[in-house]
Amino acid sequence: MDINKHNTNNNLLSDTSKAEKKLLIPKTDEERLREDIYRSDMEKFRLFTRMLRRNEMFKRAKITHK
């Protein structure tokens, strides 16, 4: 039996596309940082402003209990 030849029909991950595999496996912080290095300055700016808006929203949030 050849190791390289195997039945992939029963393997769930082999049937999914590469994009779907990326969704199933969470990225580590290091992987995200490596990708973010190559973003354009405008994309970095938009991500930063989105982070600031979320931070401000969480500061104003009030948690209530019933």
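See above for the structure.
Residues numbered from 1 in each chain as written. Predicted model: local features only at pLDDT ≥ 70, side-chain atom pairs only at ≥ 80, totals over all residues. Heavy atoms only, no water.

(A) Examining the overall build of the chain more closely. If you tally the helices and strands in the chain, you get four helices and zero strands. Its helices and strands in sequence order give the chain the pattern α-α-α-α, from N to C terminus. Counting across all 66 residues of the chain, residues that qualify as buried make up 3%. For the chain, the exposed surface amounts to about 7300 Å²; the carbon and sulfur share of it is 57%. (Helix = DSSP H or I, 4+ residues; strand = E, 2+ residues; numbered from the N terminus. Buried < 20%, exposed > 50% of the residue type's maximum accessible area, 1.4 Å probe, protein only. Areas by Shrake-Rupley, 256 points an atom, 1.4 Å probe, with all protein chains shown as cover.)

(B) Quick peek at the pattern of salt bridges. Scanning the model with the defined rule gives four salt bridges in all. Residue Asp 29 is joined to Arg 32 by a salt bridge in which the shortest nitrogen-to-oxygen separation is 3.2 Å. Separated by three residues within a single helix, Asp 29 and Arg 32 lie in helix α3 (residues 29-37), roughly one turn from each other. Judged by its relative accessible area of 40%, Arg 32 falls in the partly exposed class. A salt bridge links Arg 34 to Glu 30, with the nearest nitrogen and oxygen atoms 2.7 Å apart. With Arg 34 and Glu 30 both in helix α3, this residue pair falls four residues apart, about one helical turn. With relative accessibility at 52%, the residue Arg 34 sits in the exposed group. The exposure class assigned to Glu 30 is partly exposed, which follows from its relative accessible area of 48%. (Salt bridge = Lys/Arg side-chain N within 4 Å of Asp/Glu carboxyl O.)

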